[in-house]
Amino acid sequence: MLCLRTHLSFPFSLSFWPSKQLKTLTSRSSIRMMSTEIVEHIVLFKVKEETEASKVSAMVNGLSSLVSLDQVLHLSVGPLLRNRSSSLTFTHMLHSRYRSKQDLDAYSAHPSHVSVVKGNVLPIIDDIMAVDWVADDLRGDLVPPQGSAIRVSFLKLKENAVRDEVLGVVRGLPESFKQISQLSCGENFSPARAKGFSIASLAVFPGPSELEAVDSNEELVNYQKDKVRDHIETVVVVDYVVPPPPAHSASL
């Protein structure tokens, strides 16, 4: 959802191609999908302030290289454009997509992933948060185009909140905000590193200017916030711009 000024913000398959063939195609152009179920994986990192730039680059490059794993349909990682949370000051984000929860598990346990996390990530971060959900009606580009702006929102609900009502409001956002080119939302199924956030959404915009245009429509934004305000305890919102694919991905 769109950012509450105290944050509430809001924030698609083809019959799957063989993995390596799909990766080759996605490195050249975006692939349009029919409606499908996709597993979303978001990780937020807070890099230590004193970290050398070379070590941050090593983390980003190491994580980016994991797009070559067979289980990964899409993966991008880079610095945040904006962190709209005052309490959780993250600096970087990873977004990846999978066919199933089993593929996400295989990615997480893969030796290459474990090596990058142990060698390049954990030594330089102060905090980490991860949320996973199933987007059951994803439409549009499997790989968000380079330069797209992405707004990710994490919602911690009040004890008596009506979860389906909140999700219904989030799913309806593209009807009010035509700048949204793709919306994904769902319930988190990996609570261990989610800090109590149980619903997440990811809204893709053509670029930062379209995202800013949504924020400038304060009357409509406030109207949408009011629909769910009584259900929400805390919201974390981050904005991110999809970086160019790593150089090595062109040969995959």
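Per an unreviewed UniProt entry, the recorded name for the protein is Stress-response A/B barrel domain-containing protein, and the organism is Canavalia gladiata. The record held by UniProt for the protein lists under Subunit (unreviewed entry) the comment "Homodimer."

Draft legend 1. Layout of the packing of helix α3 (residues 101–109) against helix α4 (residues 111–121). The interhelical angle for the contact between α3 and α4, taken along N-to-C directions, is 55 degrees, at an axis separation of 5 Å. By the angle class used here, α3 and α4 are oblique. Contact residues: Y107, S108 and A109 in α3; P111, H113 and V114 in α4. A class-by-class count of the residues in the contact of α3 with α4 yields four nonpolar, two polar and no charged.

Draft legend 2. Expanded view of the packing of aromatic side chains. On inspection of all chains with the given rule, the structure shows one aromatic pair. A centroid spacing of 5.3 Å and a plane angle of 50 degrees characterise the contact between Y98 and Y107, whose relative ring orientation is tilted. The exposure classification of Y98 matches that of Y107, with both residues buried. Above the face of the F189 ring, K101 is positioned so that its terminal group lies 4.5 Å from the ring centre. Its guanidinium or amino end placed over the ring of F197, K156 lies 4.9 Å from that ring's centre, counting from NZ or CZ.

Draft legend 3. Structural view of the packing of helix α2 (residues 53–64) against α4. Where α2 contacts α4, the axes come no closer than 9 Å and their chain directions differ by 175 degrees. Considered as vectors, α2 and α4 are oriented roughly antiparallel to each other. Together, A58, M59, G62 and L63 of α2 and V116, N120 and V121 of α4 make up the contact between the two elements. Of the residues in the contact of α2 with α4, the class split is five nonpolar, two polar and no charged.

About the thresholds
Residues numbered from 1 in each chain as written. Predicted model: local features only at pLDDT ≥ 70, side-chain atom pairs only at ≥ 80, totals over all residues. Heavy atoms only, no water. UniProt positions renumbered as here; feature names shortened; annotations may be inferred. Axes fitted to C-alpha atoms, helices over the stretch in contact; angles between N-to-C directions. Helix = DSSP H or I, 4+ residues; strand = E, 2+ residues; numbered from the N terminus. Parallel < 35°, antiparallel > 145°, perpendicular 65-115°, else oblique. Contact = heavy atoms within 4.5 Å. Nonpolar A, V, L, I, M, F, W, Y, C, P; charged D, E, K, R; others polar. Phe/Tyr/Trp six-rings, centres within 6.5 Å; stacked < 30°, edge-to-face > 60°. Buried < 20%, exposed > 50% of the residue type's maximum accessible area, 1.4 Å probe, protein only. Lys NZ or Arg CZ within 6 Å of the ring centre and 35° of its normal.

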